[in-house]
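What follows is each chain in one-letter form.
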Amino acid sequence: MIKILKYLTLREWLMSFISLGFIVAQVWLDLRLPDYMSEITRLTQTPGSAMRDVWINGGFMLLCALSSVVASVIVGYFASRIGAGFSQRLRSLLFNKVESFSMEEISRFSTSSLITRSTNDVTHVQMFITLALQIAIKSPIMAVWAITKIAGKGMEWSMVTTVAVLAIILLVSVLLVFVMPKFKMMQALTDNITRVTRENLLGLRVVRAYNAEGYQEEKTLAANDELTQTQLYTNRALVVLMPFMQTLMSGMSLAIYWIGAYLIDAADLTGRLEIFSNMVVFSQYSVMVIMSFMMLIFIFVLMPRASVAASRIHEILDTEPMITDGGVTESLDGHDGEICFKSVSFKYPKGSEAVLHQIDFEVKKGETVAFIGSTGSGKSTLVQLILRFFDTSSGQVFVGGVNVKDYKLSSLLAKIGYVPQQAVLFKGNIRDNICFGDTGRGYVPVETAAQTALADEFIERLEYGYDSPLSQGGTNVSGGQKQRLSIARAIARQPEILIFDDSFSALDYKTDRLVRHNLRTAAKEATVIIVAQRIGTIMDADQIIVLDEGRIVGTGTHLELLASCSVYQEIAKSQLSEEELR
């Protein structure tokens, strides 16, 4: 928990110290109340005392109480500001950190866990900090100060208070030993709930299509029941604290008055008034000591889970991304748009075997190069190395004559327009989605990019045209329309390199052919990389690279590969007739 406090700003630390001053003032005012009460008790018990003195002490007592309320409101205001500001910063830091993660870090933490850490965990830390400023600081100061005020006023009463305090500390320590592991488990189970819920929402169409609602409900109930049982365990363990504290406080007050009655009965007439006055003061201060520990109980209830949450947040913020920035921002002169793989091999993190083996090829500016192969042959993995979603296990990838590891990541990605297998659209409107991202190179007009991708056909039929709203994930348009919008987005960037990762599979043959025809005109200066399963999509490529089990087994044009590569022949003959192949 302490490690995460380094993210507090100087202003928040200053507000904390100001709050500390008001807390000390509040404690001092609260501790003055028993003194005035004792004085009023003494005056009312002393014959001949002036009523004016009673009213004066009562007025000071009321003034202290009101001032304490004002100090408490000020401390609450500062605590809320600090907690809200700190949680806002944590969420921003977490978001920016996750944005810098490579696919390796994303896979390590999982999407559901990252969501939980950015929301649920931050909320627990915020709640703890807000209450800690008001309670965790005030309570120890009040307890220690109250103990010093009653020290020496009666050994018997001091022993009773000491026993009560030790009993509280012992109970809290035992509970924390048993509860802390469960709080750690609870956060992991919350991740699991998020994962199951997210899976169900993203796959809702598949769930309904397979009548799997019951199966999904069982999975959700199992995850929910596991979390519920853990929460019940922790709550049942902590629920004994308050009844124990109430019983202890009542028992301590009873013991103080019982001992006081015994002492008064044994004392002479002159000593009885002093003993009675001390008993009143002691009972008030001892109650304050116990009340301080009662307030700390709230912190002890929150602290284990907040501590686990803080550790999980710090784990994210302390993780160094595997993909780091270089210093190069521009390609070598005369090498714009060039791509070169030199002896590249790659194995996924935690993978047992390499998925790419000794890949070598070169692409010149303006060329169209296609990759084809069976499922799992490494086609998509290969293009992800160009984008530095992963780094090579061995070998080098060059873009524009520069090793991709030497590029500043934003400069590298600004050169590339990428269309993934699964089209991803964002909530907003069509225009915003096509203009997505910033390369600093200037954009092709939205309408021109949409026309190239043949997206204008359906956009112009919509009520609001390019300003028509898109729902999250683009669920209010068809799969083919989403893919065309994704292609338009890549074209609008006016990149040096266009990468289509099996992006034409959602398009019919006619649309596929027309889009590629438009690309030859609109992006004639760009290097085009196409990953495809359909022979018809890549027949016109300048170079086709055939992959099989992560190795290059053929390179050449369509006709050259038909004559020389058995793997390509097998794929081609399974899709097209002899006449279509020629």
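Just so you know, these numbers come straight off a predicted model, no measurement behind them.

**So, the sheet that holds strand E4 (residues 394-399)**
Read across the sheet, four strands follow the order E2-E1-E4-E5 without closing on themselves; strand pairing throughout is antiparallel. Where the open sheet ends on each side, the last strands, each with one partner, are strand E2 (356-363) and strand E5 (402-403). Strand direction decides the pairing type here: strand E1 (residues 339-346) and E4, joined by five bridges, are antiparallel. Following the sheet pairing, lysine 342 is matched in E4 by glutamine 396.

**Points about a nonpolar patch on the surface**
Together, Leu170, Val174, Val177, Phe178 and Tyr233 make up an exposed nonpolar region whose accessible area comes to about 500 Å². Residue contributions to the nonpolar patch peak at four residues, all from helix H6 (residues 155-202). Considering the arrangement of structural elements, one finds valine 174 in helix H6.

**Let's talk about helix H20 (residues 566-575)**
Buried residues of H20: Tyr568, Ile571 and Ala572, and no others. The arc enclosing the buried residues of H20, seen along the axis, measures out at 95°, which places them on a common side. Those residues of H20 that are exposed and aimed more than 90 degrees away from the buried face are Ser566, Glu570, Lys573 and Ser574.

**A closer look at the packing of aromatic side chains**
All chains considered together, the criterion is met by 11 aromatic pairs. Measuring from ring centre to ring centre gives 4.5 Å for phenylalanine 426 and phenylalanine 436, while their planes differ by 10°; the resulting arrangement is stacked. Residue phenylalanine 426 is located in the loop between strand E6 (416-419) and strand E7 (428-429), and its partner phenylalanine 436 is located in the loop between helix H13 (430-434) and helix H14 (446-452); the two are separated by 10 residues in the primary sequence. Classification of phenylalanine 436 as partly exposed rests on a relative accessible area of 39%. On the numbers, 5.1 Å between centres and 40° between planes, the contact of phenylalanine 500 with phenylalanine 504 is tilted. Neither phenylalanine 500 nor phenylalanine 504 differs from the other in exposure class; each is buried. Among the aromatic residues, those joined into a cluster by ring pairs are Phe341, Phe361 and Phe371. Lying over the aromatic face of phenylalanine 398, lysine 342 brings its terminal NZ or CZ to 4.9 Å of the ring centre. Seen from the ring of tyrosine 509, arginine 534 lies directly overhead, with NZ or CZ sitting 4.5 Å from the centre.

**Here we look at unusual backbone geometry**
In this structure, serine 343 is a non-glycine residue whose phi angle is positive, near 50°. Note on serine 343: relative accessible area 31%, which makes it partly exposed. With a phi angle near 60°, arginine 388 is a residue other than glycine that sits in the positive phi range. With respect to the element layout, arginine 388 can be found in the loop between helix H11 (379-386) and E4.

**What to know about the side chain of serine 503**
Residue position: serine 503 is located in the loop between strand E9 (497-501) and helix H17 (509-522). A distance of 3.1 Å separates a polar side-chain atom of serine 503 from the backbone nitrogen of aspartate 501. Contact partners of serine 503, with chain neighbours within four places excluded, come to Val419, Pro420, Gln483, Ile487 and Val531.

**Section: the sheet that holds E6**
Taken together, the six strands give an open sheet; going across it, the order is E6-E9-E10-E3-E11-E12, and neighbouring strands pair in mixed fashion. A single partner strand is all that each edge strand has here, and the edge strands are E6 and strand E12 (551-556). Looking at each pair of strands side by side, their axes are set apart by 15° on average, direction ignored. Of the pairings in the sheet, the one linking E6 to E9 comprises four bridges and is parallel in character. By the bridge assignment, valine 419 is partnered in E9 with phenylalanine 500. Against the sheet, H20 contacts strand E3 (368-373), strand E11 (543-548) and E12, and its axis sits at roughly 95° relative to E11.

**Overview of the environment of phenylalanine 17**
Positionally, phenylalanine 17 belongs in helix H1 (residues 10-45). Using a relative accessible area of 57% as the deciding quantity, one classes phenylalanine 17 as exposed. Through-space distance from the C-alpha of phenylalanine 17 to that of methionine 186 is 34 Å; in sequence the pair is 169 residues apart.

**Quick word on the pattern of salt bridges**
Across all of its chains, the model carries 14 salt bridges by this definition. Glutamate 447 is the partner of arginine 431 in a salt bridge, and the nearest nitrogen-oxygen pair spans 3.5 Å. Highlighted residues: arginine 431 in helix H13 and glutamate 447 in helix H14, separated in sequence by 16 residues. For arginine 431, a relative accessible area of 29% corresponds to the partly exposed category.

**Brief notes about the packing of H6 against helix H9 (residues 241-266)**
Between two packed helices, what matters for the description is the angle formed by their axes and the separation of those axes. Two elements in contact, H6 and H9, have axes separated by 9 Å at closest approach and are oriented at 170°. Here H6 lies roughly antiparallel to H9, going by the angle between them. Each of Glu156, Trp157, Val160, Thr161, Ala164, Ala167, Ile168, Leu171, Val172 and Leu175 in H6 lies in contact with H9, whose residues at this interface are Leu241, Phe244, Met245, Leu248, Met252, Ala255, Ile256, Ile259, Gly260 and Leu263. Taken together, the residues of the contact of H6 with H9 break down into 17 nonpolar, two polar and one charged.

**A word on the packing of helix H2 (residues 51-100) against helix H4 (residues 111-136)**
Look at H2 against H4: their axes get within 9 Å of each other, and the N-to-C directions meet at 160°. Taken together, the axis directions place H2 and H4 in an arrangement best described as roughly antiparallel. For the pair H2 and H4, the crossing hand works out as right-handed. Taken together, the residues of the contact of H2 with H4 sort by class into 13 nonpolar, eight polar and two charged.

**A short note on the confidence of the model for the protein chain**
Averaged over all residues, the pLDDT of the protein chain equals 84, while 94% of them reach at least 70. When pLDDT is averaged over each helix and strand of the protein chain, the minimum, 64, is found for helix H21 (residues 578-581) and the maximum, 94, for E1.

**Some words on the pairing of E9**
When you tally the buried positions in E9, you get five out of five residues, the bulk of the element. Note: E9 against strand E10 (residues 527-531), five bridges, orientation parallel. Considered in E10, the bridge of phenylalanine 500 is made with isoleucine 530. What joins E9 to E10 is H17, and the crossover it makes is right-handed.

What counts, and at which threshold
- Residues numbered from 1 in each chain as written.
- Predicted model: local features only at pLDDT ≥ 70, side-chain atom pairs only at ≥ 80, totals over all residues.
- Heavy atoms only, no water.
- Pairing = 2+ DSSP bridges.
- Helix = DSSP H or I, 4+ residues; strand = E, 2+ residues; numbered from the N terminus.
- Patch = residues over 30% accessible without salt bridge, like charges linked within 9 Å, V, L, I, M, F, W, Y side chains within 5 Å.
- Areas by Shrake-Rupley, 256 points an atom, 1.4 Å probe, with all protein chains shown as cover.
- Salt bridge = Lys/Arg side-chain N within 4 Å of Asp/Glu carboxyl O.
- Buried < 20%, exposed > 50% of the residue type's maximum accessible area, 1.4 Å probe, protein only.
- Arc of directions from axis to C-beta.
- Phe/Tyr/Trp six-rings, centres within 6.5 Å; stacked < 30°, edge-to-face > 60°.
- Lys NZ or Arg CZ within 6 Å of the ring centre and 35° of its normal.
- Polar contact = N/O pair within 3.5 Å; in protein donor to acceptor, adjacent residues only side chain to side chain.
- Contact = heavy atoms within 4.5 Å.
- Axes fitted to C-alpha atoms, helices over the stretch in contact; angles between N-to-C directions.
- Parallel < 35°, antiparallel > 145°, perpendicular 65-115°, else oblique.
- Nonpolar A, V, L, I, M, F, W, Y, C, P; charged D, E, K, R; others polar.
- Left-handed = near helix turned anticlockwise from the far one by under 90°.
- pLDDT = per-residue confidence, 0-100.
- Right-handed = clockwise from strand over helix to strand, strands pointing away.

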